[in-house]
Structures are given as structure tokens and as C-alpha cells.
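One-letter residues, chain by chain:
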Amino acid sequence: MTAVRCGHLRGDKPVDLVLSCVDNFEARMAINQAACELDQVWMESGVSEDAVSGHVQLLQPGHTACFACAPPLVVATGMDEKTLKKEGVCAASLPTTMAVVAGLLVQNALKYLLGFGKVTHYVGYSALTDFFPTMSMKPNPQCQNSHCRLRQQQARTEQIVSQHQRKQEPNEHQTALHEDNQWGIIITTLCDHYTNLMCRHKCGIEESVSNEESLEVGAGLHLAYSPTVITSPSVDQVKSVQSICGNLMVPSLQESVDISKETDIQDLMAQLKNI
């Protein structure tokens, strides 16, 4: 605990992160106890006894599950893990599996310390199937570690205070990047339908109708405004619309225009090419 509390390279203060690379559960429980008491973030790693799988886990007291929140069966039952090892038999060891797990541990440590990417709460590795499962483990409210339960209560209190502060903060509207608009530029989006209606309105190619003639509404309801219907314009009105809209005219407007039969077919083809 002294090494964690006063082991920072820049002075007498806690370290930024603890990396666990031990090979037994008793040592992991000791690190977990110190981390919960000191509110210290640490990363636990390990390789299975058959040396074909491993894992890396981020443990943040109060926010994620500690090592005692979901302990292995050996720890949960209180068994002596030394009794599980056979006399004269050593656990398998593959440098390749250990190298993969060590690489994942260091990569997660760099992401946590330097603040980039996403720090995975738990990532496993299966050498037989090349499978990398990931998951997030929440703290156990009934954890046997009293310091873990205390950190959970502190985390909930911090969350409530943070939410209350966000509600009290005034909603500041985002200001424009450039307050002055010398040329009066306005960014907007208008579909072709509204563009057609604007052009028709300038040329007087519309007439208002009453609510009763346009739509039927139920009893007790009324329309907020009178809709308009488009009438068939004359040839002069069509030319006026073309002079205003130019090439922005869409086929829907041309299709609704009743062209006089006296118009030459070549003029119509020329208009279609312009569209």
C-alpha cells in the first residue's frame, strides 16, 4: 500500500495505474484489497494453466467489479489453491500466449494513461479459436469487500451530484462563428417543390380555395390556413416562370403546364433540353 500511495515518479503521491502480472489468486486478492482501500485503478491479467487462453481486466473501485465481486471458485469457496497443484507438475507455459496477453495489457494501459481510444473493461484471448471476447462487469452490491461497497456508494453519490449540477447549468445557445454577415448570406434547404411554388407565386399562377373545397375535416376541427391549388397557366406565364427560374425548373412544373397547341414542337424540344 505504501508503494501504491507514495510510488509516483514525480513525488510523494499515488501512482497513476497498477499493472498486475502475478500468477496466483492470493496475490490478486492482496492487490485488490489495497486498490479498494486506496481507491486505486488497476489492471489485472493472467494466463490459464493450459497456456492457451488469457485475459486482461480493468478494475476501477466503485465503477467496475473488483476482483472480489465475482471471484473464481477457489476464492469464493475459501479453498487453498496450493492443494489444486499436483506434486511435481508445473503449469504449462507458452511464450506466445503470454506475449499476446502482455501486449493487450500494455495497449490498454497506454490508452488509459494517454487518453485515446476505448479502454476495454475485460478482454479475453483464446489461442485455439483466435477468439477475443469482451464484456463489462458491474460492481456487486453484495461484495464481501467492505471497501468495495464503500467505493460503490461514493460512485453513486458522485453520479447524483453530477446529474444535479447538469440540471442547474443554464442552457447556453451556441453563438454564431461570425456575428457579422456583411453579404446577408443565409444557408437554407429548399426542395424543388417549394421552388416551384415560389416561382408560380411570383407569376400569379395560383388561386386560393376555401377549406371546405380543398379538404374535408372532422367536426370540431379547422385548418390553420387556406391551401392553394395550381391552375393551368397561359403561355406568357410559362415564359415568365422560365425567366425567373431558368434551368432550376423541374419536370413536375412542366408537366402541370398546359402548353397551347400553337406552340411549335421544336420550341418544346428546346425547352426539354434546357431542363
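- Per an unreviewed UniProt entry, the protein goes by the name Ubiquitin-like modifier-activating enzyme 5 and belongs to Geodia barretti.
- Quoted straight from UniProt, the Sequence similarities (unreviewed entry) entry for the protein says "Belongs to the ubiquitin-activating E1 family. UBA5 subfamily."

### Observations concerning a nonpolar patch on the surface
- Side chains of V106, L110, Y112, L113, L114 and F116 sit close together on the surface and give an oily, nonpolar patch of about 550 Å² of accessible area.
- You can see L114 is positioned in helix 4 (residues 95–114).

### Quick notes on helix 5 (residues 146–168)
- In this model helix 5 runs 34 Å from its N-terminal to its C-terminal C-alpha over 23 residues, within 8% of the 33 Å that 1.5 Å per residue would give.
- Check the buried side of helix 5 and you find it contacts helix 2 (25–38).
- Of the residues flanking the start of helix 5, the one acting as N-cap is N145, its side-chain oxygen 2.9 Å from the backbone nitrogen of H147.

### Comments concerning the packing of aromatic side chains
- Applying the stated criterion to the full structure yields 2 aromatic pairs.
- Ring centres of Y125 and F132 lie 5.1 Å apart, and the angle between their planes is 35 degrees; on these two criteria the pair is classed as tilted.
- Judged by its relative accessible area of 12%, Y125 is buried.
- Under the relative-accessibility criterion, F132 is labelled partly exposed at 41%.

### Remarks on the sheet that holds strand 1 (residues 18–20)
- The strand order across the open sheet formed by 5 strands is 1-2-3-4-5, and the pairing between neighbours is mixed. Both outer strands of the open sheet, strand 1 and strand 5 (134–135), are each paired with one neighbouring strand and no more.
- Pairing analysis gives 5 bridges linking strand 3 (residues 53–59) to strand 4 (residues 122–126), with the strands arranged antiparallel. Among the inter-strand pairings, Q57 is bridged to a residue of strand 4, identified as Y122.
- Here helix 2 sits on the sheet and contacts strand 1, strand 2 (42–47) and strand 3; the angle it forms with strand 2, its principal contact strand, is near 170 degrees.
- Packed onto the sheet, helix 4 meets strand 1, strand 2, strand 3 and strand 4 and runs at close to 170 degrees relative to strand 2.

### Here's the deal with the side chain of S20
- Position of S20 relative to the elements: it lies in strand 1.
- Judged by its relative accessible area of 1%, S20 is buried.
- Apart from residues lying up to four places away in sequence, S20 is in contact with R28, I31, W42, M43, E44, S45 and L105.

### Focus on the nonpolar core
- With 10 residues, the main nonpolar core is built from L17, V41, M43, V56, L58, V101, L105, A109, V119 and V123.
- Those elements that place two or more of their residues in this core are strand 3 and helix 4.
- With 3 residues, the top contributor of residues to this core is helix 4.
- For L17, the contacting residues outside a window of four places in its chain are Q40, V41, W42, M43, A109, Y112 and L113.

### Remarks on the side chain of R28
- Tracing the backbone through its elements, the reader meets R28 in helix 2.
- Once residues within four sequence positions are removed from consideration, R28 is found in contact with S20, V22, D23, W42, E44, S45, G46 and F67.

Rules used throughout
- Residues numbered from 1 in each chain as written.
- Predicted model: local features only at pLDDT ≥ 70, side-chain atom pairs only at ≥ 80, totals over all residues.
- Heavy atoms only, no water.
- UniProt positions renumbered as here; feature names shortened; annotations may be inferred.
- Patch = residues over 30% accessible without salt bridge, like charges linked within 9 Å, V, L, I, M, F, W, Y side chains within 5 Å.
- Areas by Shrake-Rupley, 256 points an atom, 1.4 Å probe, with all protein chains shown as cover.
- Salt bridge = Lys/Arg side-chain N within 4 Å of Asp/Glu carboxyl O.
- Helix = DSSP H or I, 4+ residues; strand = E, 2+ residues; numbered from the N terminus.
- Expected span 1.5 Å × (residues − 1).
- Contact = heavy atoms within 4.5 Å.
- Polar contact = N/O pair within 3.5 Å; in protein donor to acceptor, adjacent residues only side chain to side chain.
- Phe/Tyr/Trp six-rings, centres within 6.5 Å; stacked < 30°, edge-to-face > 60°.
- Buried < 20%, exposed > 50% of the residue type's maximum accessible area, 1.4 Å probe, protein only.
- Pairing = 2+ DSSP bridges.
- Axes fitted to C-alpha atoms, helices over the stretch in contact; angles between N-to-C directions.
- Core = buried A, V, L, I, M, F, W, Y, C linked by side-chain atoms within 4.5 Å.

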